[in-house]
Amino acid sequence: MRIESCDTGSRLRTNSVSGVKSARIELMRVFNFSAGPAMMPQEVLERTQAELLDWQHTGMSVTEVSHRSKEFVACAARTEELLRQIMGIPENYKVLFIQGGGFGQFAAVPLNLTKPGDVVDFVLTGQWGIKATQEAKKFGVEVKVVADEKGSGYTTVPAQSSILPTPGAAYLHYTPNETIGGVEFGFIPETGELPLVADLSSTILSRPIDVSRFGVIYAGTQKNMGPAGMAVVIVRDDLLDRARPDTPSIWNYQKMAQADSMVNTPPTFSIYLLGKILEWIIEQGGLEGMALRNRTKAQTLYSFLDASDFYSNPVASDARSWMNIPFLTPAPDLNKQFVVEATAAGLTNLAGHRSVGGMRASIYNAMPQAGVEALIEFMKEFERVNA
Ligand SMILES: *Cc1c(COP(=O)(O)O)cnc(C)c1O
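Residues numbered from 1 in each chain as written. Predicted model: local features only at pLDDT ≥ 70, side-chain atom pairs only at ≥ 80, totals over all residues. Heavy atoms only, no water.

**A word on the site of the ligand**
- In the region of the ligand, 13 residues are neighbours, and Phe103, Thr179, Asp199, Gln222 and Lys223 sit closest.
- Between an oxygen atom of the ligand and a side-chain N or O atom of Thr179, the distance comes to 2.4 Å.
- One of the side-chain nitrogen or oxygen atoms of Lys223 is found 2.7 Å away from an oxygen atom of the ligand.
- Summarising the interface, the protein chains cover 87% of the accessible area of the ligand, which totals 390 Å² for the free molecule.
- Here the shell around the ligand gets four residues from one element, more than from any other, and that element is helix α4 (residues 101-113).
- Classifying every residue of the shell around the ligand gives three nonpolar, eight polar and two charged. (Near = heavy atom within 4 Å. Polar contact = N/O pair within 3.5 Å; in protein donor to acceptor, adjacent residues only side chain to side chain. Areas by Shrake-Rupley, 256 points an atom, 1.4 Å probe, with all protein chains shown as cover. Helix = DSSP H or I, 4+ residues; strand = E, 2+ residues; numbered from the N terminus. Nonpolar A, V, L, I, M, F, W, Y, C, P; charged D, E, K, R; others polar.)

**Describing the pattern of salt bridges**
- This model, assessed by the stated rule, comprises 13 salt bridges.
- The salt bridge involving Asp238 is made with Arg236; its shortest N-O contact spans 2.6 Å.
- A residue is classified by how much of its surface remains accessible, and Asp238, at 36% relative accessible area, is partly exposed.
- For Glu381, the salt bridge identified is with Arg384, shortest N-O distance 2.7 Å. Placement of both Glu381 and Arg384 in helix α10 (residues 369-386) is noted, with a separation of three residues, approximately one turn of the helix.
- Classification of Glu381 as partly exposed rests on a relative accessible area of 39%. (Salt bridge = Lys/Arg side-chain N within 4 Å of Asp/Glu carboxyl O. Buried < 20%, exposed > 50% of the residue type's maximum accessible area, 1.4 Å probe, protein only.)

**Brief notes about helix α9 (residues 332-344)**
- If you check α9, its first and last C-alpha atoms are 19 Å apart, about what 13 residues at 1.5 Å a residue would give, namely 18 Å.
- Listed as buried for α9 are Leu334, Asn335, Phe338, Val339 and Ala342. The buried residues of α9 all sit within an arc of 140° when viewed along its axis, so they share a single face. Turned more than 90 degrees away from the buried face of α9, the exposed residues are Asp333, Lys336, Val340 and Ala344.
- On the buried face of α9, the contacting elements are β13 (324-327), β14 (347-348), β15 (359-362) and α10.
- Backbone geometry just after α9 places Gly346 at a positive phi near 85°. (Expected span 1.5 Å × (residues − 1). Arc of directions from axis to C-beta. Contact = heavy atoms within 4.5 Å.)

**Examining the pairing of strand β12 (residues 230-236)**
- Across the seven residues that make up β12, a large majority, six, are buried.
- Direction of pairing for strand β4 (residues 93-99) relative to β12: antiparallel, over a ladder of seven bridges. Each residue of the ladder has a partner; that of Phe97, found in β12, is Val232.
- Direction of pairing for strand β11 (residues 216-220) relative to β12: antiparallel, over a ladder of five bridges. The residue bridging Ile217 from the neighbouring strand is Ile234, located in β12. (Pairing = 2+ DSSP bridges.)

Printed below as a string of structure tokens:
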């Protein structure tokens, strides 16, 4: 197990200021290209650090405060309000903070929206969608894969015309951004009467989205929304009365909605940090600002890859992700060497997912343009030495 970032990435210094012991962390920040948990905006970390010992004059950190206190209840309400404002979430949708990450929702969605024997439709464009089908199958539903991009090695998205929902199915599920393959939809599938369910884990808040097109949106939080372990679920209120009686209460959308996501102790630090991230997004110009920032970063890297004879990206041009960009050198050994040398240069976590190899640059909201430019400079130098 490597603990490099703890060992060499930061040094803890203790000094004494007016009799009070305080610790100062001297940071050597890297550009972290991890697919998740992912880079956080530096301003958010600094603001969090500044109020960690005494949050809102409670004399405690936010992690020590009761979730029923007026301070925390207000914090959670504000986080929800900011998310509603930024995403333009309509009145008839509930916003839930649920534990168990994106993966938990692979089970929670069928528990909340189906009865045994129901048909559920899936569109598959990569590994996360496949995992979601495997979890759904445990709950006695008939999984129908209505479009599967396996033939392209999951480097494409289907055309709208080839997505044919099953009449009477409980919902249609898809993965707008497949994090491992770097495959992203450029459109929202039309599903007629069927509620559309989207696993937005790796692209939520990256650009504006029309929430009213969806029945359920869910997203694990460790990519664009803070620490791991929580999912944000946005659910249309007419879908709230369908949960199976044996659905665990902490995953039951209706019970969670009635309890303001506090059926049990919620992940308070995650909710607090999400609020901080949302404030940062507003400062950056909201989702329009995020879209501009993200489109520019992605175009910068794709343009470089497309102009290169040394590096390549396998994804079809109309399916390329703004968030996760896989790429290869001409040889497997060079890929390994690339990752090692990039890490030494402060460009970390560039190894592709263990199932696909190569490299992957995850450039979520918090990654600045300067990080992408530093990566490209490194790539040029690596090519010059190794081509
Ligand atoms: C990361 C990710 C998940 C899993 O999230 P966990 O919080 O680890 O459960 C699910 N779906 C997609 C698309 C992801 O990127």
